[in-house]
Amino acid sequence: MVKEVGMIGLGRMGMGMSQRLLKHKIRVVAYNRSSDKVNAIARKGAVGSSSVSDLISKLKSKRKVVWLMLPAGKVTDDMIKRLLKELGKGDIIINGANSLYKNAERHDKLCKQKGIVFFDIGVSGGTHGLKNGYTLMIGGNKKLFREIEPLCKALAPRKGYGYFGPAGSGHFVKSVHNIIEYVYLEGIAEGVELLDNFKHDIDLAKATEVWGPASVINSWLIDLTTKALRRKDFKKIKPDIGSVTIKELEETRKSVKGYAPAFGVAVKVRKDKSKKFTLGKRVIAAVRNEFGGHKVRK
Ligand SMILES: NC(=O)c1ccc[n+]([C@@H]2O[C@H](COP(=O)([O-])OP(=O)(O)OC[C@H]3O[C@@H](n4cnc5c(N)ncnc54)[C@H](OP(=O)(O)O)[C@@H]3O)[C@@H](O)[C@H]2O)c1
């Protein structure tokens, strides 16, 4: 069982995940395109590296494990191809990006040709994961999952990780999680707009706040909505929702011929650039900023 990992990508996710791994006594060798973040995590106890080759050379375990937290698509694809040239038989690549499950199947095939083991791990928890733990949805080789389980235990909250099946299963479960997230946020946004349309002045943040402790719709997203509505600059936030996963989530739904009308509406709203539903869209943008650090425009 491995007690060390090479982390590539020290953005909002990779940086927090590295810190949580270090806290749980996992040795982290880190690499990032911009070296300032490598220096920052090295100051917290990680082993910094100046290139992918340097990272691989600094991993000591018999079975090297490299975890990618990069944008899905070309950046991750290129990194996997690069790693395949440098890693050895039996080594492990984990992709934690939000990616279509079919990409994981493709990556798994490529890895298998080289005797390298691939896991797709969907990660949730956003910028709060460092403190609360990261939910992990895992796909890949079931037997070898044991090898990487110490990493999952360190990252996740109690009962917050699960193995779901062969390659692709982890990213599929994570995509469905994101589809639910779209629908939840759409529901909250519609509710806030309705409150705002009432003939009497309703304190929006007060409403979501009282829903927080015990109502049937209480949730972390409701709590974050209260926080977002109370931002001093809330009204300045542009109603632009910068989702990058829409295409991938739509493809996920189509691939299982899924009936998901609420998700369809949520997507339509996110794509809509008109002035309609401005408050609702602003709520979605602001709450995404609260949980994932996703940029808002002002
Ligand atoms: N934020 C969330 O709530 C969340 C939740 C779950 C999963 N994810 C997924 O996790 C992954 C990382 O997300 P994030 O929020 O951490 O993103 P982020 O903060 O934007 O960080 C992106 C990371 O990728 C690196 N990168 C970007 N373009 C690159 C390129 N062309 N070549 C090499 N490195 C490049 C960046 O390096 P630099 O520092 O040099 O720019 C940075 O380390 C994504 O796939 C995302 O979908 C995000």
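Scroll up to find the structure this text is about.
First, a word on scope: everything that follows refers to the structure included in this document. (Residues numbered from 1 in each chain as written. Predicted model: local features only at pLDDT ≥ 70, side-chain atom pairs only at ≥ 80, totals over all residues. Heavy atoms only, no water.)

**Brief notes about the site of the ligand**
Part 1: Neighbouring residues of the ligand: 21 residues in total, closest Met-13, Asn-32, Ser-34, Lys-37 and Leu-70.
Part 2: Measuring from an oxygen atom of the ligand, one finds a backbone N or O atom of Gly-11 at 3.2 Å.
Part 3: For the ligand, an oxygen atom lies 2.5 Å from a polar atom in the side chain of Asn-32.
Part 4: Alone, the ligand offers 900 Å² of accessible surface; in the complex the protein occludes 79% of this. (Near = heavy atom within 4 Å. Polar contact = N/O pair within 3.5 Å; in protein donor to acceptor, adjacent residues only side chain to side chain. Areas by Shrake-Rupley, 256 points an atom, 1.4 Å probe, with all protein chains shown as cover.)

**Notes on the nonpolar core**
Part 1: Counting 35 residues, the largest nonpolar core has Trp-67, Phe-119, Leu-136, Ile-148 and Leu-151 as the members making the most contacts within it.
Part 2: Broken down by element, this core gets its largest block of residues, seven residues, from helix α7 (residues 142-155).
Part 3: With near-sequence residues (within four places) excluded, Trp-67 lies in contact with Val-5, Gly-6, Met-7, Ile-8, Met-17, Ile-94, Gly-96, Ile-121, Val-123, Leu-136, Leu-151 and Leu-155.
Part 4: With 26 residues, the next largest nonpolar core counts Leu-204, Ile-237, Ala-285 and Val-287 among its residues. (Core = buried A, V, L, I, M, F, W, Y, C linked by side-chain atoms within 4.5 Å. Buried < 20%, exposed > 50% of the residue type's maximum accessible area, 1.4 Å probe, protein only. Helix = DSSP H or I, 4+ residues; strand = E, 2+ residues; numbered from the N terminus. Contact = heavy atoms within 4.5 Å.)

**Remarks on the pairing of strand β5 (residues 92-95)**
In summary, the side chains of a regular strand alternate between the two faces of the sheet.
Part 1: Burial of β5 is two-sided: the residues Ile-92 and Ile-94 facing one way and the residues Ile-93 and Asn-95 facing the other way are all buried.
Part 2: Sheet topology places strand β4 (residues 65-68) next to β5; four bridges connect them, and they run parallel. Across the sheet, the residue bridging to Trp-67 is Ile-94, located in β5.
Part 3: In this fold, the crossover linking β4 to β5 by way of helix α4 (residues 74-86) has right-handed handedness.
Part 4: In this structure, β5 lies alongside strand β6 (residues 117-124), joined through four bridges in parallel fashion. Bridge pairing links Ile-94 to Phe-119 in β6.
Part 5: Taking the sense of rotation as the criterion, the β-α-β connection linking β5, helix α5 (residues 101-113) and β6 turns out right-handed. (Pairing = 2+ DSSP bridges. Right-handed = clockwise from strand over helix to strand, strands pointing away.)

**Considering the sheet that holds β6**
Part 1: With mixed pairing, the eight strands of this open sheet are ordered in space as β3-β2-β1-β4-β5-β6-β7-β8. The open sheet terminates on both sides in strands that have one partner only, identified here as β3 (47-48) and β8 (161-165).
Part 2: Bridging between strand β1 (residues 4-8) and strand β2 (residues 27-31) involves five bridges; their strand directions are parallel. Residue pairing in the sheet places Gly-6 in a bridge with Val-29 of β2.
Part 3: Seen against the sheet, α4 touches β1, β4, β5 and β6 and runs at an angle of roughly 170 degrees to β4.
Part 4: Its contacts with the sheet put helix α8 (residues 169-196) on β5, β6, β7 (135-140) and β8, and the angle it makes with β6 is roughly 15 degrees. (Axes fitted to C-alpha atoms, helices over the stretch in contact; angles between N-to-C directions.)

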